Amino acid sequence: MSGTTQPIDREALVARHRPRVREVLPQWPLQLGNGSLGFAADVTGLQTYPQAHPHRYRGATGTLLGTMSQWGWHSTPPPRTYHLSETERRYETTRGPRPYVDLTPREPGIGEVRGNEAEEWLRNNPHRLQLARIGFVTATPITGLGDLAQDLDLWTGILTSSFRAPEHARVVTVTTAVHPTRDALAVVSGTGWPVRLAFPYGSESWALADDWASPQAHTTGVAALTDDPATGLHRWRVDRKLDATRWTAWITTNAEVERTGAHELTVVPPLAEPLRLVVELCEGEPGVNEPPPLTAQEVLDASSQAWPAFWRSGAALDLGDVDDPRAAELERRAVLSQYLTRINCAAALPPSETGLLTNSWRGKVHLEMHWWHVAHFALWGRPELIEASLDWYATILESARDTAQRQGYDGARWPKQVGPEGRESPSEIGTFLLWQQPHPIHLAELVIRAHRAADRHARADELRLRWAPLVTATADFMADIAEPRPHGGFGLGPPLVPAQESYGAMRARVTDPTFELAYWRWALLVARRWHEELSLQVPASWTAVADGLIRPLTRDGELTAIGVDPWTIRTDHPSMLAAYGVVPPVDMVDPDVASRTLDRVLADWDWASTWGWDYPVIAMTASRLHRPEDAVDGLLAPVAKNEHGPNGHNRQDERLPAYLPGNGGLLAALGLMAAGWDDGPAQPGFPADWQVRHEGFVRSPGGTVLR
């Protein structure tokens, strides 16, 4: 069945997959959030036992119980001012030597230290902060808790945690939630235990976001505010200063608050009633723009209203009538991935790969992953959740123009690994990538299509005008960096690292990666159409390059990864598949060639070296090729890096305990599989005998007719 004649019971669909925890799951803590604030909890509903959920990296151990935000960043004061130009090296291009931000090769036995002091500081800063640790004070170890029962109600966003400790005569319950529009955590506790709020310093570690060993490096000021006699609630302000970083915690509670350390407070619960606590975290100078108080019940009520509205919006995919045992797991992953991307990937700053759970790459944003994090929002009929992060590109447009100009190109060259200020990070890989360049065009196109599909034409027109400068600057660079070939046409040349980063060491001679060539043509054609529809002059270079790009290389009837030897290293991302799947067909790849390439990848790729978004790539390519069994099998491939755990996170390994591109990619693939593409078949990615019910999806772009 394609689509559905009866509305899907969305509450029942979501309820089928609510996480229920009955034991400590060290790798899979549950997470609450609103897109701006993330809070991960152990079985007590708070962060009482951080060591029970370890995040290990290079011999050090942190925790997966993060309290992290999109705005909470810190930089360690440098001994002097460092400039990105200090990290540049010159690489040969067809236009002569050009400067590229680079990184000194790693030397054996030096741990995390990579380059000179400028490279090291610029790479490590800014880093995302672990804002606070909020947990109960108890002498009972986690092994002493019994009758564990923890339920995350996805429909309301409320976490209920029940357990019994030796000092409890009965099972006690803790209720936890995050406000949908304010960075506020609410706790209602019947445990009788105090709650400790502890505040760390920032960390330059690749993975660990908190430093508890530097109390002298930051300050925590505490001020009691006026009590509210009508409600009996007490109000406290906590002023945090970490070098140039400032933020404030506002505490509203029916309990007493005591200072118990230089960077620690304890909330002592009342004897006669449950503890009710709200901790609101706010960016900026302490005491500025005090938010109105929130009660715990107000936070719970707001969550209970906002989450059903989210689930009722956009698309739904119901596989409950499918007999195939694969369907239930696919549906579970879809529901949990919608929840996780909503709380980790829907803010004004593009997300990091581990979201707001813990740090990776110091919490920095990887812009080549932006599409994988958020494209599905448009395909699932929720384009508004992409808009703020697309607007962010305008804040770094001049910096991106400067990068392009410094290298002798027109337009804007988008960076790879950045903090909120958009400054590139030294890297021997990232600064040589190209495949993030078309993403703003692709995402903008998907958002516009989704608004038009919902008859929101005025909004689509408004956004197209707003984003036209981004599209123009992006296309100008893409056209200018394309190299004329001696025998005609255009290609992409060194220095270059393709999406398949196995070729990083040979960046000085890589040419013509298959995925990038196809993506280049498609994005330039979209940019050209935007200009035509806006009655703007189309630069001649856009058309010349789009129409003149050389076709990807084939050998033995299959696509190669790049245009020089070694043609296809069979590790890391099988990125050539994306040229006929992620990228709509644009007369660059013959479908029979794409099909043989898919066969070969499935037969002998090194799956241990892949990453979570590679399996959605397989599914999208298989769907475009009308191979639905391979699409489903691709999404559910029994490979470690394709695991989606009990909390829904796509764990990769010990250092990457979550990987949101895998969740977002899964949803993007399911959108294509369910809704298809322009002038294409209905439901192309599901077997014909599956009784699939879906509603609200937006068709993907398809074919050479770009509209």
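For clarity, every value in this text was computed on a predicted model and none was experimentally measured.

**Some words on the side chain of H531**
Assignment of secondary structure puts H531 in helix α10 (residues 514–533). In this structure H531 touches T472, L536, Q537, V538, P539 and W542, once residues within four positions along its chain are discounted.

**Brief notes about the packing of aromatic side chains**
Counting across every chain of the model gives 26 aromatic pairs. On the numbers, 5.4 Å between centres and 80° between planes, the contact of W307 with F310 is edge-to-face. You can see W307 and its partner F310 sitting in helix α3 (residues 296–312), three residues apart, about one turn around the helix. Residue class for F310 comes out buried when judged on its relative accessible area of 8%. Between the aromatic rings of W371 and W372, the centroid separation amounts to 4.9 Å while the plane-to-plane angle is 75°, which identifies the pairing as edge-to-face. A single burial state applies to W371 and to W372, both of which are buried. Taken together, the ring pairs in this structure connect W371, W372, W435, F515, Y519 and W613 into an aromatic cluster. Positioned over the ring face of F310 is R382, at 4.2 Å from the centre of the ring.

**So, the pattern of salt bridges**
Using the criterion set out here, one finds 44 salt bridges in the structure. E86 serves as the salt-bridge partner of R80, at 2.7 Å between the closest nitrogen and oxygen. E86 sits in the partly exposed class, given a relative accessible area of 31%. Here the salt bridges share partners, and the residues they tie into one network are E387, D391, R459, E462 and R466.

**Quick notes on the sheet that holds strand β11 (residues 133–136)**
Reading across the sheet, the four strands line up as β11-β16-β21-β20 and stay open at both edges, with antiparallel pairing between neighbours. Only two strands of the sheet have a single neighbouring strand rather than two, namely β11 and β20 (256–261). Geometrically, the sheet is characterised by an average inter-axis angle of 25° between neighbouring strands, direction not taken into account. In terms of strand pairing, strand β16 (residues 195–198) meets strand β21 (residues 264–268) through four bridges, oriented antiparallel. Paired with L197 across the bridge in β21 is L265.

**As for the pairing of strand β5 (residues 60–63)**
Pairing of strand β4 (residues 54–57) with β5, which is carried by four bridges, proceeds in the antiparallel orientation. When the sheet's bridge partners are listed, P54 is paired in β5 with T63. Here β4 folds back onto β5, and the loop between the two strands holds two residues, one of which, R58, carries a positive phi near 50°.

**Topic: the packing of helix α4 (residues 326–344) against helix α14 (residues 628–635)**
Between α4 and α14, the shortest axis-to-axis distance is 10 Å and the interhelical angle comes to 60°. Classified by the interaxial angle, the pair formed by α4 and α14 is oblique. Crossing angle aside, the handedness with which α4 passes α14 is left-handed. Contacts between α4 and α14 involve R326, L330 and R333 on the former and, on the latter, E629, V632, D633 and L635. Grouping the constituent residues of the contact of α4 with α14 by class yields three nonpolar, no polar and four charged.

**Observations concerning the packing of helix α13 (residues 614–624) against helix α15 (residues 660–675)**
Closest axis-to-axis distance for the α13/α15 pair is 8 Å, and the angle between their directions is 10°. Considering their axes alone, α13 and α15 lie roughly parallel with respect to each other. Facing α13, whose interface residues are P616, A619, M620, S623 and R624, α15 presents G662, G665, L666, A669, L672 and M673. Of the residues assigned to the contact of α13 with α15, the class counts are seven nonpolar, three polar and one charged.

**Some thoughts on the side chain of Q417**
In this fold, Q417 is placed in strand β25 (residues 417–418). Looking at Q417, the relative accessible area reads 3%, which means it is buried. Sequence-distant contacts of Q417, that is, excluding residues within four places in its chain, are made with W361, K364, V365, H366, R423, E424 and S425.

**Remarks on the environment of E558**
Relative to the elements of secondary structure, E558 occurs in strand β29 (residues 558–559). Judged by relative accessible area, which is 16%, E558 ranks as buried. Sequence separation of E558 and D402 is 156 residues, and the distance between their C-alpha atoms is 39 Å. Residues contacting E558, with those up to four places away along its chain left out, are L553, V593, R596, T597 and R600.

**As for the nonpolar core**
Grouped together as the largest cluster of nonpolar side chains are 203 residues, with contacts concentrated most on W371, L670 and F686. Among the elements that make up this core, the one with the highest residue count is α10 (12 residues). Look past the residues within four positions of W371 in its chain and what remains in contact with it is H439, H442, L443, L446, Y519, V582, M620 and A668. A184, V188, L294 and L300 belong to the second-largest nonpolar core, a separate cluster that totals 10 residues.

**Thoughts on unusual backbone geometry**
Excluding glycine, most residues fall at negative phi; most peptide bonds, likewise, are trans. Here N125 and P126 are connected by a cis peptide whose omega angle stands at -10°. In this structure, P126 sits in the loop between α2 (117–124) and β10 (127–128). Residue P495 follows P494 across a cis peptide bond; omega there is 0°. Assignment of secondary structure puts P495 in the loop between β27 (490–491) and α10. Residue D512 is not a glycine yet carries a positive backbone phi of 50°. Within the secondary structure, D512 sits in the loop between β27 and α10. The buried category is assigned to D512, whose relative accessible area is 8%. The backbone phi angle of D679 is positive, close to 60°, even though this residue is not glycine.

**Points about the sheet that holds strand β6 (residues 67–69)**
Reading across the sheet, the three strands line up as β2-β3-β6 and stay open at both edges, with antiparallel pairing between neighbours. Lying at the two open borders of the sheet, with one neighbouring strand each, are β2 (30–33) and β6. Recorded for the sheet is a direction-independent mean angle of 20° between the axes of neighbouring strands. With three bridges connecting them, strand β3 (residues 37–41) and β6 associate as antiparallel partners.

Rules behind the numbers
- Residues numbered from 1 in each chain as written.
- Predicted model: local features only at pLDDT ≥ 70, side-chain atom pairs only at ≥ 80, totals over all residues.
- Heavy atoms only, no water.
- Helix = DSSP H or I, 4+ residues; strand = E, 2+ residues; numbered from the N terminus.
- Contact = heavy atoms within 4.5 Å.
- Phe/Tyr/Trp six-rings, centres within 6.5 Å; stacked < 30°, edge-to-face > 60°.
- Buried < 20%, exposed > 50% of the residue type's maximum accessible area, 1.4 Å probe, protein only.
- Lys NZ or Arg CZ within 6 Å of the ring centre and 35° of its normal.
- Salt bridge = Lys/Arg side-chain N within 4 Å of Asp/Glu carboxyl O.
- Pairing = 2+ DSSP bridges.
- Axes fitted to C-alpha atoms, helices over the stretch in contact; angles between N-to-C directions.
- Parallel < 35°, antiparallel > 145°, perpendicular 65-115°, else oblique.
- Left-handed = near helix turned anticlockwise from the far one by under 90°.
- Nonpolar A, V, L, I, M, F, W, Y, C, P; charged D, E, K, R; others polar.
- Core = buried A, V, L, I, M, F, W, Y, C linked by side-chain atoms within 4.5 Å.

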